[in-house]
Structures are given as structure tokens and as C-alpha cells.
Amino acid sequence: MKNLGKILFTLLFLQNNIYALAVASVDASTVELGDMVTLSIQLDGEDIQRPNIFSICGENVVSTSSNTSIAYINGDYKKHYILSYKFIPTVSCTIEPIEISIAGQVEKTLPIEIKVQKALQTKDSKFSLEMKTNKKEVYVGEPFELTVLFRQKKSAKVLDNKFTQPSFKGFWLKGEPRQEVQEDGLFSITKIIYTLSPQRVGQLNISSANIKIARRENTRNYLGGFFPEIKWKTIYSNALDISSKPLPNDVYLVGDFSIEASVNKTQLNPNEVVNLTITLRGKGNLEDVKSFKPYLDSVSIFDEKILIAKDVLTQKITFVGDSSFTIPAFELKVFNTQTQEVKTITTKPIPIKINNAKKKEELLIKREEKVMSVPVIETKTKKLDTFYLIGAVLFGFFLGIISMLLRPFLTFKRKKKVNLKDTKMLLVKLLPFKENSEVKEIIDILENNLYADEKTKLDKKALKEILKRYEIN
């Protein structure tokens with residue numbers, strides 16, 4: 001009976017072509033969500049301008065094809081063109097009339113109704129896609145697992161498949177997803193496990209995942225024959241709602257963590273580098289941890305970027321000082337969801353000893369005061385000889401003129417200047433003057449370029465002025 005219906009439909013289709021130059025039809029007007037629909041447009045005549053169709057019912061066209069045939073009708077041969085467009089509708093819709101120019105005349109197809117029904121996935125379905133989670137209510141930043149299960153009957157032959165993961169808007173995706181494959185009787189089950197954590201408070205939605213499956217099927221053409229065709233079908237999963245709750249005040253971390261800090265050495269010489277490594281371990285929202293960089297007076301400090309690998313966070317911080325100092329303790333407040341308590345984790349202070357440290361008084365430059373001795377002129381002195389006095393003045397005058405004339409031709413040995421490309425040397429030379437804001441700005445740039453792999457350009461003009469002002473050479 002099904003074949004008879006298709007034959008009658010084909011005959012009606014051919015009969016309509018006698019009176020219409022452009023006829024549109026679909027292979028199915030009622031489909032399940034994810035099924036592919038083929039829109040066919042039959043055109044009769046010459047000088048046909050093919051329509052440019054890129055989307056149907058708001059969905060992109062998956063593929064296009066065309067066929068040309070010649071039919072003998074009423075003692076006359078007529079050429080037929082069939083244009084095919086495949087698409088996957090997601091909602092019920094109407095395919096609007098399509099305008100086509102044939103022999104200079106505009107022809108219109110009739111509108112076509114498409115009804116999309118929700119696909120029913122049962123235990124016996126050839127394919128099914130489902131999303132599950134181990135928690136429906138979580139705190140901001142609290143990690144949880146989302147599992148996508150794809151079930152496929154072993155007897156169902158698949159040529160290809162394309163998986164599209166759900167949208168995780170409003171969530172942190174922690175690391176790469178894990179994939180597991182297992183057998184369950186007649187079915188093969190693939191699990192994809194994601195670890196997520198909510199970024200904000202409120203009701204958050206995880207949209208459905210989908211997988212496109214390509215299979216080979218025999219399709220009947222408009223003449224009643226069969227031909228093999230690759231058809232795509234999209235399987236959709238369910239969507240999920242997650243309720244995200246706020247953390248207690250002054251707490252932004254949730255989970256179970258431990259923290260430790262270590263240095264490469266605790267004794268060193270002035271202006272040598274101390275490397276500190278902070279390690280935070282545990283399951284939780286490590287992505288929300290901020291830099292541990294502290295502030296210490298008279299110590300230059302720079303921090304590297306935080307690195308996260310699975311459940312371990314590390315950060316390196318470098319300290320440069322010319323006198324002994326103590327690296328302070330680092331602490332974090334963490335909310336434990338199991339005990340519903342706020343726990344404080346902390347490291348221990350680390351004293352750093354600088355050998356042969358210079359005292360601040362030694363940095364002061366002492367200048368000897370020169371006492372000008374004023375000769376006592378006796379009341380009874382001999383008068384200077386006027387001739388020698390005038391001669392000495394004239395001699396000095398002529399010497400001055402000669403030195404001015406010869407100045408361009410004289411060469412002077414210049415002092416060795418500081419190499420502006422030697423970042424480390426510049427940093428050491430400028431450290432004693434870092435109380436000045438302009439010097440401090442240049443020191444920060446030098447530190448970041450040297451230790452943080454940045455490439456910020458220095459203002460050479462300003463740098464030269466500072467070197468000249470403080471007589472640094």
C-alpha cells in the first residue's frame with residue numbers, strides 16, 4: 001500500500017507538470033526531529049534561471065543536486081529539470097513560494113507545510129543520545145560532572161558521524177573531556193565525561209548535544225525506481241538546568257585544597273634572585289585563584305602567569321633585594337561543601353638572609369666640605385706692578401679666544417656609557433634610585449622583560465635623561 005501511494009503521488013506530480021512550469025515537493029511532510037528532508041523543484045522549459053537557495057525553514061541547506069530528463073507527453077518531447085535541496089528542519093514550518101524565471105516569465109511554486117515531531121528514544125531505538133549529571137544544585141565554582149551517553153545498535157551500519165557538544169555558556173570547562181566505550185548486549189555505548197563549574201549565581205542551562213549520522217538508504221525517484229543515497233539523521237539529547245548557589249561572604253574558592261611554598265635558596269648575596277614556587281592542589285575552581293604576588297618594602301618582586309594542570313596550580317614569583325627580608329605567609333579561604341564550613345589554608349613565612357648586606361648609611365655619598373682660606377692682607381703691602389697685572393689679564397684673554405677657536409678640532413676621550421641593551425646591568429644600576437616614580441616605572445618594565453618574557457619597549461630618551469641626572473655610567 002505504501003508503494004501504491006508513492007506511485008499515485010508520482011502520477012499526480014507528473015500530471016501537474018502539464019499545467020505548471022515550476023512544481024515543488026518534499027519527500028516527507030511529517031518528520032521526526034533530526035530527520036533530513038529533500039525539497040525537489042521540477043522545472044519545464046528553456047532559458048531557466050536557477051534559484052539561489054542557501055537555507056530552508058531557517059536551516060542551512062546540507063547539499064544540493066540536479067537531474068535532467070526528457071519526457072514524451074502528448075506526442076511532444078519535453079525537457080525536465082529537477083533541483084534537489086536537502087535540509088534538516090528543527091521546528092514545524094512553511095516553505096514559502098519560490099520564484100523562478102522561465103523563458104523570461106516569473107513562475108512561483110506553491111507553499112509546503114512541514115511538521116516536525118519530537119523524536120521518541122526508547123531502549124530499542126537504533127540510536128539514542130542522553131545527558132546526565134551527578135549534581136543539579138552546586139555552588140559557584142564547585143566542580144561537577146556532565147556525562148553524554150550515545151547508544152548505538154551494533155547491527156545499525158553507520159558510514160559517518162559528527163558529534164556536536166552542548167553549549168557551556170556560564171560554565172568553566174575544566175580540562176579535556178574523558179571518553180569511555182563499553183558494550184551492553186546488542187548495544188555499543190560511548191560516554192563523554194565533562195568536568196564543569198558554574199561561573200555565576202542563578203539558573204543556568206546546558207543546551208542539548210547532537211550527533212549527525214550518515215547511513216546508506218535506497219530511495220525511490222519520481223519515475224518509481226530505486227537508487228542508493230546517503231542520508232543524514234541528527235539525534236538530539238535532552239537539555240539540563242543547573243542551579244548555582246552563592247558562596248559565603250569573602251570566599252571565592254570552593255573545594256578541598258592544600259597549599260605549600262618553597263624557594264630555591266634562603267641565603268644569597270645582594271641583588272641575587274630568589275625563586276619562590278607556590279603549589280595549590282585539590283579539586284575545585286582553581287581558575288578563580290588570583291596572583292599571590294605580595295608587596296615588600298625595598299624588594300623588587302615580579303610574578304609569572306599562573307599555570308593549571310588538572311588538579312594542580314603553580315605560580316612562580318621572583319624576589320630581588322639588597323638586604324635581608326622575609327617572604328610572608330600566603331593564605332586562602334576555602335568553602336568545603338562536605339562540611340559546609342570555611343577553612344583557611346596557609347603557608348609558613350620564609351626568612352631570606354642577604355650576606356654582606358650594605359647598610360643604608362653606606363649608600364649616602366659623603367662630600368668633604370672645602371674650606372676656603374682667605375689670605376690676610378697686610379696693611380703694609382707692596383703695590384703690584386701695573387704692567388705685570390695688565391699683561392696677565394691680556395694673556396688670559398688671548399688663551400680663552402684660542403681655546404674657543406680650537407674646540408671643534410680637539411678630541412676628548414668620552415667616558416664609557418652604560419649599555420642600554422644590557423637589561424640586567426641597567427636593573428642593578430637603577431635599583432638604588434627606585435624611590436623615584438620615573439625610575440620605578442623603568443625598573444618594572446626591565447623586570448617584566450627580563451623575567452616574565454614580556455617585550456615592552458623602553459623610552460630611551462627618558463632613560464638617558466635619568467642616567468644623566470643620577471650620573472650613572
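Residues numbered from 1 in each chain as written. Predicted model: local features only at pLDDT ≥ 70, side-chain atom pairs only at ≥ 80, totals over all residues. Heavy atoms only, no water.

**Side note on the side chain of Ser101**
Turning to its location among the elements, Ser101 is positioned in strand 10 (residues 99–102). Other than its neighbours up to four places away in sequence, Ser101 contacts Asp47, Ile48, Gln49 and Val106. (Helix = DSSP H or I, 4+ residues; strand = E, 2+ residues; numbered from the N terminus. Contact = heavy atoms within 4.5 Å.)

**Here's the deal with helix 5 (residues 460–469)**
Considered for burial, the residues of helix 5 that qualify are Leu463, Ile466 and Leu467. Buried residues in helix 5, looked at end-on, bunch into an arc of 100°, giving them a common side. Residues Lys461, Lys464 and Lys468 are exposed on helix 5 and point more than 90 degrees away from its buried face. Of the residues flanking the end of helix 5, it is Glu471, one or two places downstream, whose phi is positive at about 55°. (Buried < 20%, exposed > 50% of the residue type's maximum accessible area, 1.4 Å probe, protein only. Arc of directions from axis to C-beta.)

**Some thoughts on the state of the cysteines**
Defined simply, a disulfide is a covalent bond joining two cysteines at their sulfur atoms. Inspection of every chain in the model, using the stated rule, returns one disulfide. The disulfide partner of Cys57 is Cys93, and the S-S distance across this bridge is 2.0 Å. Between Cys57 and Cys93 the sulfur-sulfur dihedral comes to about 85°; the bridge is accordingly right-handed. On the criterion of sequence distance, the pair formed by Cys57 in the loop between strand 5 (55–56) and strand 6 (59–60) and Cys93 in strand 9 (residues 93–95) is long-range, its members being 36 residues apart. (Disulfide = S-S within 2.5 Å.)

**What to know about the confidence of the model for the protein**
Overall, the prediction assigns the protein a mean pLDDT of 81, with 79% of residues at 70 or greater. Low confidence marks residues 361–384, where pLDDT is under 50. Its contacts with residues over four positions away, or in another chain, come to zero contacts. Per-residue pLDDT stays below 50 along residues 410–415; that stretch engages in one contact with residues further than four places along the chain or on separate chains. (pLDDT = per-residue confidence, 0-100.)

**A word on the packing of aromatic side chains**
Scanning the model with the defined rule gives six aromatic pairs in all. Above the face of the Tyr252 ring, Lys290 is positioned so that its terminal group lies 5.7 Å from the ring centre. (Phe/Tyr/Trp six-rings, centres within 6.5 Å; stacked < 30°, edge-to-face > 60°. Lys NZ or Arg CZ within 6 Å of the ring centre and 35° of its normal.)

**Considerations on the sheet that holds strand 11 (residues 105–108)**
In space, the three strands of this open sheet follow the order 4-10-11, with antiparallel pairing throughout. Each edge of the open sheet carries a strand with a single partner, namely strand 4 (48–49) and strand 11. Bridging between strand 4 and strand 10 involves two bridges; their strand directions are antiparallel. From the neighbouring strand, Ile48 faces strand 10, where its bridge partner is Ile102. (Pairing = 2+ DSSP bridges.)

**Details of the environment of Leu420**
By secondary structure assignment, the location of Leu420 is in the loop between helix 2 (386–406) and helix 3 (423–430). C-alpha of Leu420 to C-alpha of Leu458: the two residues are 38 residues apart in sequence and 9.6 Å apart in space. Leaving out residues up to four positions away in the same chain, Leu420 has contacts with Leu426, Leu463, Lys464 and Leu467.

**A word on the nonpolar core**
Counting 26 residues, the largest nonpolar core has Leu276, Leu280, Phe292, Phe319, Phe325, Ile327 and Ile352 as its most contacted members. Among the secondary structure elements, those contributing two or more residues to this core are strand 24 (253–263), strand 26 (273–284), strand 27 (299–303), strand 29 (312–321), strand 30 (325–327), strand 31 (331–336) and strand 33 (350–354). Ranked by the residues each element gives to this core, the list is headed by strand 26, at four residues. Not counting chain neighbours up to four residues away, the residues in contact with Leu276 comprise Ala261, Ser262, Val263, Gln315, Lys316, Ile317, Phe319, Ile327, Phe330 and Ile350. Formed by 23 residues, the second largest nonpolar core is a distinct cluster that contains Val31, Ile56, Tyr85 and Ile102. (Core = buried A, V, L, I, M, F, W, Y, C linked by side-chain atoms within 4.5 Å.)

**With respect to the pairing of strand 26**
Direction of pairing for strand 24 relative to strand 26: antiparallel, over a ladder of nine bridges. The residue bridging Phe257 from the neighbouring strand is Gly282, located in strand 26. Here nine bridges tie strand 26 to strand 29, and the two strands are oriented antiparallel to one another. Pairing of Thr279 across the sheet is with Thr314, part of strand 29.

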